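Survey of secondary and tertiary structure
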Amino acid sequence: MKVLFIGGTGNISSACSELAISRGIDLYHLNRGKTSKIRPIEGVKTIIADIRNVEQTKKAIENHHFDAVVDWIAFEPEHIKNDIDLFSGKTNQFVFISSASIYQTPPEKLPVTEDTILDNPFWEYSRNKITCENLLRDAYKKTGFPYTIVRPSHTYDKTSIPITGGYTTLHRMKQDLPVIVHGDGASIWTLTNHKDFAVGLVGLLGNPNAINEAFHITNDEKLTWNQIYYLFAKELGIKPRLVHVPSKIIATYNKEIGDGLLGDKTHSMIFDNTKIKSVVPDFNPKIPFSEGVKDIVKWYEADASRQTFDKEFNDLTERILGDYKWL
């Protein structure tokens, strides 16, 4: 197969790129020509263009036809409108990377399936993704535009710390300083390793059963947020000081963090992966977070230059803790 990734070196797409190439897929990346030093991909061919520049991209792909195109960096309706314009007649399958945060929030019932209502009143990011999906469905009805929708949940690699504050929170833990956990830390969450996700995504490429369909691709493991923080602490060899603060209060201090909490992480989310497993039989997540956390800590501890300290976030943490003396 000849496949195009728009993007391709991010924490999820890099694993998908590597797996696609290992399976003999003729993989192209469309980007602005900036090489990723963190996640270099060997064996990929590059088409240099800015996907936001429609005319430039049209010229760059004019002599190409792809079995599948995956857009990893479409976030707004205008992005999808441009994709439909660019790739109509140029691909047999267009894959849109949506988000599992588009499901009803908070969910009326669990586990979530692909038929769960799409409704997130808290997060504009998610509402934009819903609109993007609807545009693809309309295009399929009108012209047969061959779309597939993929909805990742919280997916990580060794470079991504899946807790609020990233390395700054780990730094505080290492310094025996209290760290904030939203809510009571008991809500259930799902963390998916990018290598597990890749098996599902690559298995959908060129798959006729994926056309005009949506799939979430997540781990089956269920963790509380308290467990996630304790797994980091265990790997660091420390005892954490967790302070629980309601998400609504955190949101009053920082809208960006608050939107991500209220629109996603605050609520328990359990996913039913029956659909993706039925279409991609070899999808079977094997990497528990107790193993994934080892790779994350090892990667950050190996090089001090990776240990970025965010003073603004640290000050925010101190301010919230100072206002709410719950230590």
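As the structure is a prediction and not an experimental result, all values here were calculated from the model.

Attention now moves to the environment of Tyr 167. Within the secondary structure, Tyr 167 is located in helix H5 (residues 167–174). Put simply, Tyr 167 and Val 297 are 130 residues apart on the chain and 9.6 Å apart in space, counted from C-alpha to C-alpha. Filtering out sequence-adjacent residues up to four positions away, Tyr 167 remains in contact with Ile 161, Lys 174, Tyr 300, Glu 301, Gln 307 and Thr 308.

Turning our eyes to something else, we now look at the pattern of salt bridges. If you walk through the whole model with that rule in mind, you get 13 salt bridges. For Lys 294, the salt bridge is made with Glu 235, and the minimal N-O distance between the two is 3.4 Å. Of this pair, Lys 294 sits in helix H11 (residues 289–301) while Glu 235 sits in helix H7 (residues 225–236); the two residues are 59 residues apart in sequence, bridging distant segments of the chain. For Lys 294, a relative accessible area of 36% translates into the label partly exposed. With relative accessibility at 29%, the residue Glu 235 sits in the partly exposed group. Within this structure, Glu 133, Arg 137 and Arg 151 form a network of salt bridges that share partners.

Once that is clear, we can look at the sheet that holds strand S5 (residues 94–97). Pairing in this open sheet of 7 strands is parallel, and the strands run S3-S2-S1-S4-S5-S6-S11 from one edge to the other. A strand with exactly one partner marks an edge of an open sheet, and here the two such strands are strand S3 (45–48) and strand S11 (213–217). Pairs of neighbouring strands in the sheet enclose a mean axial angle of 20 degrees, with direction left out of account. Each of strand S1 (2–6) and strand S2 (26–31) is contacted by helix H1 (residues 13–22), which is oriented at about 150 degrees to S2, the strand it contacts most. Contacting S1, strand S4 (68–71) and S5, helix H3 (residues 77–87) runs over the sheet at an angle of about 165 degrees to S5.

Position of Asn 226 among the secondary structure elements: in helix H7. Exposure remark for Asn 226: the relative accessible area of 18% places this residue in the buried category. Within the structure, the side chain of Asn 226 is placed 2.8 Å from the side chain of His 244, a separation counted as a polar contact. Dropping the residues within four chain positions of it, Asn 226 is found in contact with Val 181, Asp 184, Gly 185, Ala 186, Leu 242 and His 244.

Once that is clear, we can look at the layout of surface pockets. One water molecule sets the probe size; rolling that probe over the atoms shows where empty space is left. For the largest pocket, the calculated volume is near 1200 Å³. Lining the largest pocket are 47 residues, with Trp 123, Tyr 125, His 154, Asp 264 and Lys 265 positioned closest to its centre. Of all elements in the fold, only helix H4 (124–143), strand S7 (154–156), helix H9 (255–265) and helix H12 (311–323) reach the threshold of two or more residues within the lining of the largest pocket. At 7 residues, the largest contribution of residues to the lining of the largest pocket is made by H9. Among the residues making up the lining of the largest pocket, the classes are represented as 19 nonpolar, 19 polar and 9 charged.

Leave glycine aside and you will find that most residues have negative phi; peptide bonds, for their part, are mostly trans. Residue Pro 106 is reached from Thr 105 by a cis peptide bond, and omega for that bond is -5 degrees. Cis geometry marks the peptide bond from Leu 110 to Pro 111, where omega comes out at 0 degrees. For Pro 111, the position within the fold is in the loop between S5 and H4. Residues other than glycine seldom take positive phi values, yet Asp 176 does so here, at roughly 60 degrees. Residue Asn 212 is not a glycine yet carries a positive backbone phi of 65 degrees. Note that Asn 212 resides in the loop between helix H6 (194–204) and S11. For Asn 212, a relative accessible area of 29% corresponds to the partly exposed category.

How each quantity is defined
- Residues numbered from 1 in each chain as written.
- Predicted model: local features only at pLDDT ≥ 70, side-chain atom pairs only at ≥ 80, totals over all residues.
- Heavy atoms only, no water.
- Helix = DSSP H or I, 4+ residues; strand = E, 2+ residues; numbered from the N terminus.
- Contact = heavy atoms within 4.5 Å.
- Salt bridge = Lys/Arg side-chain N within 4 Å of Asp/Glu carboxyl O.
- Buried < 20%, exposed > 50% of the residue type's maximum accessible area, 1.4 Å probe, protein only.
- Pairing = 2+ DSSP bridges.
- Axes fitted to C-alpha atoms, helices over the stretch in contact; angles between N-to-C directions.
- Polar contact = N/O pair within 3.5 Å; in protein donor to acceptor, adjacent residues only side chain to side chain.
- 1 Å grid on protein atoms, 1.4 Å probe; cavity = no way out; pocket = protein on both sides within 12 Å on 5 of 7 lines; lining within 4 Å.
- Points joined across faces, edges and corners; volume = space filled by probe spheres on them.
- Nonpolar A, V, L, I, M, F, W, Y, C, P; charged D, E, K, R; others polar.

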